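Given next are the chains, with one letter for each unit.
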Amino acid sequence: MVAWPFIGFRSHGRRGALAVLLLVLAPSGCAADHPLPDRVLDAHVHAAFDGAESAGGTYSAAEMERAFAAANVTGAVVMLPRGSAGTRDVPVPSRQCAGIGPEPDVSGVAAALEADAVACIKIYLGYVHRAPDDAAYAPIYDLAARHGVPVVFHTGDTSTSDAKLKYAHPLALDELAVDRRDMTIVIAHCGNPWIETAAEIAYKNPNVYIECSALMTGDMDELDPEHLERYVTDAIRYVWGYIEDPSKLMFGSDWPLVDIESYVRAYAAAIPPEHHPAVFHDNAARVFGF
Ligand SMILES: [Zn+2]
């Protein structure tokens, strides 16, 4: 991810707090030449309103409501923090993904799935120093398969420098996808910057889907237009073209790190308009069971 608005300056540890601070301060509704889809399911948001999340900063349900309204977001997939299956109140219908920590709480996740409190699983590759096929995750995958819920994997660049990228490289998900055909996998962030690898894994494996959230952070309208085109819209256009399957790509923002409205417009510019209903709504509705 490229930190906003420090053009040409990679993110590392500074990304989260600065991005959230500047996001709050930024004026909204700047130049936007691409129309918003009528309804958007955001397949990747965070909703820790206590400021405790590793993404940094403090933000509120009211800010989420404003961001969702501005972008026509009618439903959201909430990534719960690592080690948490405790759901959050959000202003739209949601599916909430139990966040798996370094020592997976198998019984806690099982109970949350039984109670229909959570409807997906989030594995924080890189932040947790385990490969996706680590034995510690096997009981979690068994639960996901048994309940028919998708498992979302953080892939690629991380917002903290003490994460380990070798665990976040998307290539390792291919082996998991082959060995666990009973499980639905969602690659988050398109593997950025290993976007071609992530696209290939989604293209090749029938049980893998992909979203391109947070390729850059902040308000897309505040970016150098060349950087926005290169690192966001062109990257999404590549994934869309490569996977050759309109059912595979979903929209995700990674709010609050990203201004949703401007991100939707940048994403929409990469997708032929006739496929907007699939990419911005229907694919996530089907995969996450809305
Ligand atoms: Zn995220």
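Before reading on, note that the structure itself is shown above.
A short tour of the structure in this document, coming up. All values reported here derive from a predicted model rather than from experimental measurement. (Residues numbered from 1 in each chain as written. Predicted model: local features only at pLDDT ≥ 70, side-chain atom pairs only at ≥ 80, totals over all residues. Heavy atoms only, no water.)

Topic: the pairing of strand S4 (residues 120–123)
Burial along S4 is two-sided: the face carrying Cys 120 and Lys 122 and the face carrying Ile 121 and Ile 123 are both buried. Relative to S4, strand S3 (residues 94–100) runs parallel, the two being bridged by 4 bridges. From the neighbouring strand, Ala 98 faces S4, where its bridge partner is Ile 121. Traced from S3 through helix H3 (residues 106–114) to S4, the parallel crossover comes out right-handed. Here S4 runs beside strand S5 (residues 151–154); their pairing, made up of 3 bridges, is parallel. Bridging from a neighbouring strand, Ile 123 pairs with Phe 153 of S5. In this view, the connection linking S4 to its parallel neighbour S5 by way of helix H4 (residues 138–147) has right-handed handedness. (Buried < 20%, exposed > 50% of the residue type's maximum accessible area, 1.4 Å probe, protein only. Helix = DSSP H or I, 4+ residues; strand = E, 2+ residues; numbered from the N terminus. Pairing = 2+ DSSP bridges. Right-handed = clockwise from strand over helix to strand, strands pointing away.)

Side note on the coordination of the zinc ion
Taken together, the protein donors to the zinc ion comprise His 44 (NE2), His 46 (NE2) and Asp 254 (OD), at separations of 2.0 to 2.2 Å. As a motif over one chain, the donors of the zinc ion read H-x1-H-x207-D. Taking relative accessible area as the criterion, His 44 reaches 0% and is therefore assigned buried. (Donors = N, O, S within 2.8 Å, 3.2 Å for Na, K, Ca; no water.)

Things to note about the packing of aromatic side chains
Applying the stated criterion to the full structure yields 12 aromatic pairs. Residues Tyr 137 and Tyr 141 carry aromatic rings whose centres are separated by 6.0 Å and whose planes lie at 40° to one another, so their mutual orientation is tilted. Accessibility classification places Tyr 137 together with Tyr 141 in one group, the buried group. A centroid spacing of 4.9 Å and a plane angle of 75° characterise the contact between Phe 251 and Tyr 267, whose relative ring orientation is edge-to-face. Of this pair, Phe 251 sits in the loop between strand S8 (249–250) and helix H8 (260–268) while Tyr 267 is found in helix H8, placing the two residues 16 residues apart along the sequence. Judged by its relative accessible area of 0%, Phe 251 falls in the buried class. Taken together, the ring pairs in this structure connect Phe 251, Tyr 263, Tyr 267 and Phe 280 into an aromatic cluster. Its end group placed over the ring of Phe 290, Arg 95 keeps NZ or CZ at 4.6 Å from the ring centre. Lys 248 extends its terminal NZ or CZ atom over the ring of Tyr 209, reaching a point 5.3 Å from the ring centre. (Phe/Tyr/Trp six-rings, centres within 6.5 Å; stacked < 30°, edge-to-face > 60°. Lys NZ or Arg CZ within 6 Å of the ring centre and 35° of its normal.)

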